[in-house]
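Tertiary structure, described
Residue strings, one per chain:
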Amino acid sequence: MNEANENPPRPAGLRIGDTAPDFEARSTIGPVRLSAFRGRWLILFSHPADFTPVCTTEFIELARHAQEFEALDCALMALSVDSLFAHFAWLRMIRDRFGVEVRFPIVEDPTLVIGRAFGMVGAQDNDSAAVRTTYFIDPSGTIRAMTCYPANVGRSTPEMLRSLQALQAIDGQGGLAPANWQPGEALLSAPTHDLDAVYAAKDAVAWFLDREVGSGGDGA
């Protein structure tokens, strides 16, 4: 038997620059359609399962910082294979035990249709327990950044906010966000493509590595 047939390649999934696939589904705030969020930023993220320790800590932290995302004109939307009623029970437990209300929508995806469309799960997978994927979707519906963590490592809420603000800053200010960039810091200017400018630069690196693009501001 051909080895390629025994181990078919997994789908590549979505890439940065792709348009996020539209969908409509039930959620904890009622029916939601992804395209209804056009015109503002959206962070769509999957979690392995309700009533799990790492996911619970993530949702507590995201709910506590929800106003910070809102201030950046960014909505949050979560997704897992659990049923709508499991989502409700889990959110009630989080509120009663930790005093935090999760108000952003959590979508149910029991058939994995949405997860497979986004590449959150493989075509042959029967559950989403191994994925913790995040998509940063801009106001035009384009995927601008993605992260994927294993089920046993939780996401960093501060890094999610920083990534969002960096994307907004480069859109609003131009330029490039360097390593460890924080809101309010200068951005890097794009390198020149002109040889005369390269020779005229003040030193050997200034033509391609220079902080000249103002302040990153708050990313708005």
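My aim in this report is to walk through the structure given alongside it, one point at a time. (Residues numbered from 1 in each chain as written. Predicted model: local features only at pLDDT ≥ 70, side-chain atom pairs only at ≥ 80, totals over all residues. Heavy atoms only, no water.)

Moving on, we get to the overall build of the protein. Of regular secondary structure, the protein possesses seven helices and seven strands. Counted from the first residue to the last, the protein has its helices and strands arranged as α-β-β-β-α-α-β-α-β-α-β-β-α-α. Every one of the 220 residues in the protein was classed for burial, and the buried ones make up 41%. Looking at the protein alone, contacts between residues at least 24 apart form 66% of all its contacts between residues at least 6 apart. Per element, the accessible surface of the protein, about 11700 Å² overall, is 53% carbon and sulfur. (Helix = DSSP H or I, 4+ residues; strand = E, 2+ residues; numbered from the N terminus. Buried < 20%, exposed > 50% of the residue type's maximum accessible area, 1.4 Å probe, protein only. Contact = heavy atoms within 4.5 Å. Areas by Shrake-Rupley, 256 points an atom, 1.4 Å probe, with all protein chains shown as cover.)

Where helix α2 (residues 53-64) meets helix α4 (residues 84-98), the axes come as close as 11 Å, and the angle between the chain directions of the two elements is 70°. Classified by the interaxial angle, the pair formed by α2 and α4 is roughly perpendicular. Residues C55, T56, F59, I60 and R64 of α2 form the contact with α4, whose own contacting residues are W90, I94 and F98. Residue classes in the contact of α2 with α4 are distributed as six nonpolar, one polar and one charged. (Axes fitted to C-alpha atoms, helices over the stretch in contact; angles between N-to-C directions. Parallel < 35°, antiparallel > 145°, perpendicular 65-115°, else oblique. Nonpolar A, V, L, I, M, F, W, Y, C, P; charged D, E, K, R; others polar.)

A few words on the layout of surface pockets. Where empty space is left can be seen by rolling a probe of water-molecule size over the atoms. The space that makes up the largest pocket amounts to roughly 240 Å³. Counting only elements with at least two residues in the lining of the largest pocket, the list comes to α3 (66-71) and β4 (74-80). Broken down by class, the residue content of the lining of the largest pocket amounts to nine nonpolar, one polar and three charged. (1 Å grid on protein atoms, 1.4 Å probe; cavity = no way out; pocket = protein on both sides within 12 Å on 5 of 7 lines; lining within 4 Å. Points joined across faces, edges and corners; volume = space filled by probe spheres on them.)

What follows covers the side chain of T28. With respect to the element layout, T28 can be found in the loop between β1 (24-25) and β2 (32-33). Look at T28 and you get buried, because its relative accessible area is 17%.

Mapping H87 onto the fold places it in helix α4. Given a relative accessible area of 0%, H87 falls into the buried group. Within the local environment of H87, its side chain forms a polar contact with the side chain of D50, the two groups lying 2.6 Å apart. Of note is the side chain of H87, whose polar atom sits 3.4 Å from the backbone oxygen of D82. (Polar contact = N/O pair within 3.5 Å; in protein donor to acceptor, adjacent residues only side chain to side chain.)

This brings us to a nonpolar patch on the surface. The grouping of V205, W207, F208 and L209 at the surface amounts to a nonpolar patch, some 350 Å² of accessible area in total. For F208, a relative accessible area of 39% puts it in the partly exposed group. (Patch = residues over 30% accessible without salt bridge, like charges linked within 9 Å, V, L, I, M, F, W, Y side chains within 5 Å. Salt bridge = Lys/Arg side-chain N within 4 Å of Asp/Glu carboxyl O.)

Formed by 26 residues in total, the largest nonpolar core has its most connected members in I43, F45, F59, F69, I94, V102 and F104. Listing elements by their share of this core, those giving two or more residues are β3 (41-46), α2, β4, α4 and α6 (157-173). In terms of residue count, the dominant contributor to this core is α2 (five residues). Core analysis: the second largest hydrophobic core is formed by 22 residues, L14, V32, L44 and I143 among them. (Core = buried A, V, L, I, M, F, W, Y, C linked by side-chain atoms within 4.5 Å.)

With that settled, consider empty space enclosed by the protein. All chains considered together, the criterion is met by two cavities of 30 Å³ or more. Its boundaries defined by the atoms lining it, the largest cavity holds a volume of some 70 Å³. Lining the largest cavity are A20, D22, L34, S35, F37, R38, R40, L42, I137, D138 and G141. Per-class residue counts for the lining of the largest cavity are five nonpolar, two polar and four charged.

Attention now goes to the pairing of strand β7 (residues 143-149). Relative to β7, strand β6 (residues 132-137) runs antiparallel, the two being bridged by six bridges. Bridge pairing links F136 to A145 in β7. Linking β6 to β7, which pair antiparallel, is a turn of five residues; within it G141 sits at a positive phi near 90°. (Pairing = 2+ DSSP bridges.)

Bringing unusual backbone geometry into the picture now. Unlike most non-glycine residues, F51 shows phi in positive territory, near 55°. Relative to the helices and strands, F51 resides in the loop between β3 and α2. Given the relative accessible area of 47%, F51 is considered partly exposed.

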